[in-house]
Each structure stands twice: as structure tokens, then as C-alpha cells.
Amino acid sequence: FDRNVNFLEERKRASAESGENSTLHEIYNQFIVNTGITSEEGRYLEQTEYELDYLFCIPRQEMINICAELINQNKKVIFVSDMYYDKNQICKLLDKTGINVDIADIYVSSEMGCCKETGELWTLIRNIFQYEKIIHVGDSVNADIILPQKRGIDSFFVRNSLEIVKKSELGH
């Protein structure tokens, strides 16, 4: 690129300006507008961001084991995420871990137009699965534990990867 662009600052700004439930594509559309880079450059950056996330995504084996066991028991497993990736991108990330999931079982804020953090996505999930027992596993006390419980969804807290490292010998 022949422009002097502070990528980190402009990426954060584009994310904030594109809105709460934006897709990665919408974020990079805003990035293009803000920085004046070409559409081709923007698509390249967008694709590179996803490819790097895919490359460096490290599965948590205990979570994979839990999902696999539930699937083996013929339990319905869905994935709910506040994320700017679309269902196809998330499905590809899950496939990398060995979890084969039907794309219809992925509920992502960027495509649903509502998020876990406000509780709206949990209301939608509860309405879709009205008469079914649901347990959600997540790493955010508010978005993954408190808000689903307020909608009659059982929840189980797991620490996120950063918290695990901080509590380990590496974090001291």
C-alpha cells in the first residue's frame, strides 16, 4: 500500500462506526471510506484478517470434547456468538477443530441483527427453542451467564483463554 494509514486505529474506528452488529465486510467497507484505500486493498485486508484468525485459532480441547460428547448423545448443539464473522466463516473455524456443524445451528449477532450483550439474541434463541431445555456455556459473566438465565436458559461459566493464562505460571 502506498498510503500511510495507522491500521490499528483505523480498524478500531471502522468497527465502532459501522455499528454494533456489523459483519467483517461492513467493517472493512467503513475502513475503505475512512482511509481512502481502494476497494481491492480493503478486500485484501479483510481476507487477510480472517486468514490470520483462522491460522492462529487454537481450539480448546476440553470444549471440543464436550461438544463431541453432546453430539454423540444426539443432543442438539448450537453455537451462539457476538461476532463480526458470518455463519460460513464461523463454520469454517469450527470445521478446523473437527466439529462438523450444520450452518443452521449457528446464531451470530452480525447476521441476526442483535447481540448477546444486550440480551436480544438470547430472547430470539429462547423464542426459537421455546419448549426445549437449553444450557449455554460461555466466558462472559453478563452476556453468557446472567442474561441467558434471565430468559430461562441454564448457563455454565468457563474462563476465557486470557484468564487461564493470567492464572497460570505464565501469567505471573
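Scroll up for the structure.
Structure report, in brief. Everything numeric in this text was worked out from a predicted model, so none of it was measured. (Residues numbered from 1 in each chain as written. Predicted model: local features only at pLDDT ≥ 70, side-chain atom pairs only at ≥ 80, totals over all residues. Heavy atoms only, no water.)

1. Topic: the overall build of the protein
- Within the protein one finds 9 helices and 4 strands.
- Its helices and strands in sequence order give the protein the pattern α-α-α-α-β-α-β-α-α-β-α-β-α, from N to C terminus.
- Each of the 172 residues in the protein was classed as buried or not, and the buried ones make up 36%.
- Summarising the internal contacts of the protein: among those between residues at least 6 apart in sequence, 51% fall at separations of at least 24.
- Of the roughly 10,700 Å² of accessible surface on the protein, a fraction of 54% belongs to carbon and sulfur atoms.
- Treating the 19 positive side-chain charges of the protein as one cloud and the 28 negative ones as another, the clouds have centres 6 Å apart. (Helix = DSSP H or I, 4+ residues; strand = E, 2+ residues; numbered from the N terminus. Buried < 20%, exposed > 50% of the residue type's maximum accessible area, 1.4 Å probe, protein only. Contact = heavy atoms within 4.5 Å. Areas by Shrake-Rupley, 256 points an atom, 1.4 Å probe, with all protein chains shown as cover. Lys, Arg positive; Asp, Glu negative; His and termini not counted. Charge placed at Lys NZ, Arg CZ, Asp CG, Glu CD.)

2. With respect to the packing of helix α1 (residues 7-18) against helix α2 (residues 24-35)
- Two elements in contact, α1 and α2, have axes separated by 8 Å at closest approach and are oriented at 120 degrees. Here α1 and α2 pass one another in a crossing that is right-handed. Contacts between α1 and α2 involve Phe7, Glu10, Arg11, Arg13, Ala14, Ser15, Glu17 and Ser18 from the former and Leu24, Glu26, Ile27, Tyr28, Gln30, Phe31, Asn34 and Thr35 from the latter. (Axes fitted to C-alpha atoms, helices over the stretch in contact; angles between N-to-C directions. Left-handed = near helix turned anticlockwise from the far one by under 90°.)

On their own, these measurements won't tell you what the molecule is for.
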